[in-house]
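Structural overview for review
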Amino acid sequence: MSRPLSDTKLLMSDVVIRAENLGKKYIIGHQAERERYVALRDVIARNVGNFGRSLRDIVRGAANVAGDELEEFWALKNVNFEISRGDVVGIIGRNGAGKSTLLKVLSRITEPSEGRVEIKGRVASLLEVGTGFHPELTGRENIYLNGAILGMRRDEIKRKFDEIVAFSEIEKFLDTPVKRYSSGMYVRLAFAVAAHLEPEILVVDEVLAVGDAEFQKKCLGKMQDVAGHGRTVLFVSHNMGAVRALCKTAFLLRNGRLVSIGDTMAISAEYAAGSAGSSWQEVGPSEKPYAIRSAFLELLPHDLLRVTLDVASAAPKRLIVNALLQDAVGAPVGMASLGGYDPDQLVDLSEGESVIAFDVRLPALANGRYRVDVNLEEPYGHFLDHVTGELEFAVDRTPRNNHGRVLDVRWGAGCIELASATQIATPRGSDNSALSQATSSAPETCIS
Ligand SMILES: Nc1ncnc2c1ncn2[C@@H]1O[C@H](COP(=O)(O)OP(=O)(O)OP(=O)(O)O)[C@@H](O)[C@H]1O
Ligand SMILES: [Mg+2]
């Protein structure tokens, strides 16, 4: 690279993580036809002489059974980047893109198959539930164990101990082995440990999803705090609101390739553009005291539509956020609201920039394109700001059990697939007085 020497020197001293040509390869086995369900006893029976090796393979998650086709699979390939001290980086990408694999390689939980990583400083990572803690040890013992792994002295850990316990809110279970913890309790303690033991680099995977909403908020606050103290944070999440609230820089992974690095706003827009279910809109600077700066739509699994807004506020305020769902030509379909129907859901904005994110549970929408307009409103007052006409998403459902059809907006039968209740069999000519009473005043209908 032709960078002036002084620049390079500065950069060199500041870089805390450098990945060069990083790759991670897995060998995956496709089981031969009619051998889909291979039980351990089958493997033993077939490979008596080779039992030890096969068992080891199974333990590693690679059942190598005679007849299997083995295939190389690159979960990460050609990944190059540098992260400087104090950078707060969001890592985004679709399921299976390689995000967790990257964090595992950086946390030295798994070895790269090629390339290398250099890391300066103590890394504390919070990856999937099950890593980092010893299941047989109690919460208290695990706190000390983790501190020791991070290279802290016993008195240093002791000083942090109360903070960790207070943050995790699991005081009652401190002396219970963590294998008895619920996944929520486990994550609470694991996060508290990782964030409070003063790592130089904090690596957090999507585990926050396990905690309840209040705890997630607390964790985001704590990560902001850690970042604010000049620590380096790497954060993987599907929650664009959280990523955008926390991270200035984002990495976009696609099929194991690091396809973009840049400002979180731009990268999340690129991510949205790459998936049919999402849309993003940036709104220019506004004179309004309460203004939507940008809005982001994302269609999640299980028919959830996530709306994320960046809002700038001149003063603290309680307000209503409405999301109006329309079909492609602008005919209204329905409206979701935070605070509009239920005052308990009013949004509390603090002064400055904030992110408002909420999920809307969609009905069985017909396949087609939809628009969402969003507006901010005062309770019983006037409109404050809105985003109109730009946020779009597409519904493309597959038929139930892969047969039948899904209602399509082009059929002109509306936007919502109404579910039919159980079929009522009424044999022709039967004396069903309840039915005849109910239908006596209605025009005769014939169901064939
Ligand atoms: N131990 C393993 N053996 C084989 N394949 C693996 C292993 N771990 C991960 N993979 C594969 O590597 C790819 C990347 O997985 P990874 O968990 O990094 O994705 P991700 O981006 O974290 O996805 P998600 O958003 O679903 O958490 C996936 O296709 C996954 O199936
Ligand atoms: Mg993952």
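An account of the accompanying structure is given in this report. These numbers were taken from a predicted model, which means no experiment stands behind them.

A word on the site of ligand 1. Every one of the 13 residues lining ligand 1 counts as a neighbour, but Gly 96, Lys 99, Ser 100, Thr 101 and His 238 are closest to it. In this structure, a nitrogen atom belonging to ligand 1 sits 3.4 Å away from a side-chain N or O atom of Tyr 26. Gly 96 is positioned with one of its backbone polar atoms (N or O) 2.7 Å from an oxygen atom of ligand 1. Taking 630 Å² as the accessible area of ligand 1 by itself, protein coverage stands at 64%. For the shell around ligand 1, the elements supplying multiple residues, two or more each, are strand 1 (15-30), strand 2 (69-84) and helix 4 (99-106). Of the residues assigned to the shell around ligand 1, the class counts are five nonpolar, six polar and two charged.

The next thing to look at is helix 6 (residues 154-168). End to end, helix 6 covers 20 Å across 15 residues, agreeing with the expected 21 Å (1.5 Å per residue, within 8%). Largest kink in helix 6: about 40 degrees, centred on Lys 160. The complete set of buried residues in helix 6 reads Ile 157, Lys 160, Phe 161, Ile 164, Val 165, Phe 167 and Ser 168. Elements in contact with the buried residues of helix 6: helix 5 (139-149), helix 7 (183-196) and helix 8 (213-228). Backbone geometry just after helix 6 places Glu 169 at a positive phi near 55 degrees.

Taken as a whole, this structure holds seven aromatic pairs when the rule is applied. When the centroid spacing of 5.6 Å and the interplanar angle of 25 degrees are considered together, the rings of Tyr 144 and Phe 161 count as stacked. Remark: Phe 161 occurs in helix 6 and Tyr 144 occurs in helix 5; sequence separation between them is 17 residues. A relative accessible area of 16% means that Tyr 144 is categorised as buried. Every member of this aromatic cluster is reached through a ring pair, and the members are Phe 167, Phe 191 and Phe 215.

Conventions used here
- Residues numbered from 1 in each chain as written.
- Chains lettered and ligands numbered in written order.
- Predicted model: local features only at pLDDT ≥ 70, side-chain atom pairs only at ≥ 80, totals over all residues.
- Heavy atoms only, no water.
- Near = heavy atom within 4 Å.
- Polar contact = N/O pair within 3.5 Å; in protein donor to acceptor, adjacent residues only side chain to side chain.
- Areas by Shrake-Rupley, 256 points an atom, 1.4 Å probe, with all protein chains shown as cover.
- Helix = DSSP H or I, 4+ residues; strand = E, 2+ residues; numbered from the N terminus.
- Nonpolar A, V, L, I, M, F, W, Y, C, P; charged D, E, K, R; others polar.
- Expected span 1.5 Å × (residues − 1).
- Bend = angle between axes of the 7 residues up to and from the residue.
- Buried < 20%, exposed > 50% of the residue type's maximum accessible area, 1.4 Å probe, protein only.
- Contact = heavy atoms within 4.5 Å.
- Phe/Tyr/Trp six-rings, centres within 6.5 Å; stacked < 30°, edge-to-face > 60°.

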